[in-house]
Amino acid sequence: MKKVCLILLLISTQVNSIEGSEEITSQERELYQQIIQEVRCLVCQNQSVAESNADLAKDLRTEIMEQVKQGSSEEDIKSYLLLRYGDFVLYDPSFKKSTYILWLSPVLIILLILGWLRKIGVIGK
Amino acid sequence: MKRILPIIIFVGLFVFLAKSLYQPQTNIPSPLIGKPMPTFSLSELNSDTSLTDNDILGAISLINVWATWCVGCEQEHSFLVELAANQTIDIPIIGINWKDRDDLALRWLSQRGDPYIVVLSDPIGKTAIDFGVYGAPETFLIDEQGVIHYKHIGPLDSEIFANNIMPIIQDLRR
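So, here is what we can say about the structure in this document.

The rules behind each value
- Residues numbered from 1 in each chain as written.
- Chains lettered and ligands numbered in written order.
- Predicted model: local features only at pLDDT ≥ 70, side-chain atom pairs only at ≥ 80, totals over all residues.
- Heavy atoms only, no water.
- Helix = DSSP H or I, 4+ residues; strand = E, 2+ residues; numbered from the N terminus.
- Buried < 20%, exposed > 50% of the residue type's maximum accessible area, 1.4 Å probe, protein only.
- Contact = heavy atoms within 4.5 Å.
- Areas by Shrake-Rupley, 256 points an atom, 1.4 Å probe, with all protein chains shown as cover.
- Phe/Tyr/Trp six-rings, centres within 6.5 Å; stacked < 30°, edge-to-face > 60°.
- Disulfide = S-S within 2.5 Å.
- Buried area = accessible area lost by both parts, 1.4 Å probe.
- Salt bridge = Lys/Arg side-chain N within 4 Å of Asp/Glu carboxyl O.
- Polar contact = N/O pair within 3.5 Å; in protein donor to acceptor, adjacent residues only side chain to side chain.
- Nonpolar A, V, L, I, M, F, W, Y, C, P; charged D, E, K, R; others polar.
- Core = buried A, V, L, I, M, F, W, Y, C linked by side-chain atoms within 4.5 Å.
- Pairing = 2+ DSSP bridges.
- Expected span 1.5 Å × (residues − 1).
- Axes fitted to C-alpha atoms, helices over the stretch in contact; angles between N-to-C directions.

1. Section: the overall build of chain A
Helix and strand counts for chain A stand at five helices and zero strands. Helices (α) and strands (β) of chain A occur, in sequence order from the N terminus, as α-α-α-α-α. Taken across its 125 residues, chain A has 33% of its residues classed as buried. Long-range contacts, defined here as pairs at least 24 residues apart, represent 48% of the contacts in chain A between residues at least 6 apart. Carbon and sulfur atoms form 62% of the exposed surface of chain A, whose accessible area is close to 8200 Å².

Next comes the structure, spelled out in structure tokens:
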């Protein structure tokens, strides 16, 4: 069991390695870590770029690190990715015309359910 | 009705979710459609000559992102060779060799035929990122000014070409 845990630990630290992480400030490191966790790896879509070992994810990490080093802001880097890969690349897509349904459907469904519960008399009239 | 409604909702939701589960999203819409292709400067395969995006303008063309390590590229290659030889369709294909080695790429082309008018090499994958590439092969249709009109992800074949790409080419040529 101990061995298994150790192996898992080794794997997890390896995944979190930072591409080209020499000479960056802790602020830059934080920004980098935050962004790569919010960017979807498009090759293996249920992993973030931070988690994935796919080649493309590595390339994107390198690119994001470079831009962080150059002093780009979070918005700059996200819009850089959006322009190339579209809304799908961010786990937290922005609120705009094409994503209204995505953002508002949960509210709509809750309202529908509440309305229905009222109608059948489960909650007070 | 009151009793059936939840069942209808359940079945509806179930069908929707099951369908989404078995239809992996492979064709993510590209935000680049309708926009000029990204700028780049890449060296030609096995040469020191660099070409930029401006150098490949002037004709309606296909840009095909491929690599020798890519299984789908192997699948589509014979179709590309056939397409390049087709003089009625007459469309130049520009290759971008993605994260590959020049020697392997050259061997691949000499063994399987070379459908490209020019092959640019992108060993670090920076230009591929600019094109929003995430899985080779990917094929872009550009017009004379370099505006991207269509993007296909995955191996190209005669059916996809005839149904999705040829109509746009005909429109552009009109």
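2. Some points on the packing of aromatic side chains
All names here are of chain B. Tallied over the full model, the rule gives seven aromatic pairs over all chains. Measuring from centroid to centroid gives 5.6 Å for Trp 69 and Trp 98, while their planes differ by 50°, and the two rings are tilted. Note that Trp 69 is positioned in the loop between strand S3 (61–66) and helix H2 (71–85) and Trp 98 in strand S4 (residues 93–98), a separation of 29 residues in sequence. Assessed through its relative accessible area of 4%, Trp 98 is described here as buried.

3. Some words on the state of the cysteines
What we call a disulfide is simply a covalent bond connecting the sulfur atoms of a pair of cysteines. Residue and element names in this part refer to chain B. Scanning the entire structure with this criterion turns up one disulfide over all chains. What pairs with Cys 70 in a disulfide is Cys 73, and their sulfur atoms sit 2.1 Å apart. Sign of the S-S torsion, about 90° for the bond between Cys 70 and Cys 73, identifies this disulfide as right-handed. The same class applies to Cys 70 as to Cys 73, namely buried.

4. Looking at the interface of chain B and chain A
Every contact between the two is made by 20 residues of chain B and, on the other side, 17 residues of chain A. Buried surface at the junction of chain B and chain A, both sides included, amounts to about 1600 Å², of which 60% is carbon and sulfur. Linking chain B with chain A are three salt bridges, by the criterion used here. Here Asp 130 of chain B makes a salt bridge to Arg 84 of chain A, at a shortest N to O gap of 2.8 Å. The interface formed by chain B and chain A includes four residue pairs in polar contact (both at pLDDT 80 or more). For the side of chain B that touches chain A, the secondary structure elements donating two or more residues are helix H1 (4–22) and helix H4 (126–130) of chain B. Considering each element in turn, the side of chain B that touches chain A owes the most residues, four residues, to H4 of chain B. Looking at the side of chain B that touches chain A residue by residue, the class counts come to 12 nonpolar, three polar and five charged.

5. Considerations on unusual backbone geometry
The general pattern is negative phi for most residues beyond glycine and trans for most peptide bonds. Residue and element names in this part refer to chain B. Residue Pro 137 is reached from Ala 136 by a cis peptide bond, and omega for that bond is -5°. Looking at the secondary structure, you find Pro 137 in the loop between H4 and strand S6 (138–142). Although it is not a glycine, Asn 46 adopts a positive phi angle of roughly 60°. Relative to the helices and strands, Asn 46 is located in the loop between strand S1 (41–44) and strand S2 (50–52). Positive phi, normally seen in glycine, also occurs at Asp 90, with a value near 50°. Within the secondary structure, Asp 90 sits in the loop between H2 and S4. On the basis of relative accessible area, Asp 90 is assigned to the exposed category, the value being 52%.

6. Quick word on the nonpolar core
Ile 63, Phe 131 and Phe 161 of chain B are the most contacted members of the largest nonpolar core, which has 72 residues in total. At six residues, the largest contribution of residues to this core is made by helix H3 (residues 55–69) of chain A.

7. Points about the pairing of S6 of chain B
Residues and elements named next belong to chain B. The element S6 is largely enclosed, with a buried count of five among its five residues. A two-sided burial pattern is seen for S6, the buried positions comprising Glu 138, Phe 140 and Ile 142 on one face and Thr 139 and Leu 141 on the other. Looking at chain direction, S6 and strand S7 (residues 148–153) are connected through five bridges and run antiparallel. Its bridge partner lying in S7, Glu 138 is registered against Ile 153.

8. Some thoughts on H3 of chain A
Taking 1.5 Å per residue as the helical rise, H3 of chain A with its 15 residues ought to reach 21 Å, and the 21 Å between its terminal C-alpha atoms agrees with that figure. Taken residue by residue, H3 of chain A has Leu 56, Ala 57, Asp 59, Leu 60, Arg 61, Glu 63, Ile 64, Met 65, Gln 67 and Val 68 of chain A as its buried positions. On its buried face, H3 of chain A sits against helix H2 (26–38) and helix H4 (74–85) of chain A together with S4 and H4 of chain B. Phi for Gly 71 of chain A, located one or two positions after H3 of chain A, is positive at around 90°.

9. A few points about the sheet that holds S1 of chain B
All names here are of chain B. The strand order across the open sheet built from seven strands is S2-S1-S5-S4-S3-S6-S7, with neighbouring strands paired in mixed fashion. Looking at the sheet topology across the chains shown, the edges are occupied by S2 and S7. For this sheet, the mean angle separating the axes of adjacent strands, direction not counted, is 30°. The strands touched by H2 are S3, S4 and S6; relative to S3, the strand with the most contacts, the crossing angle is about 155°. Set on the sheet, helix H5 (residues 158–173) makes contact with S3, S6 and S7; between it and S7 the angle comes to about 170°.

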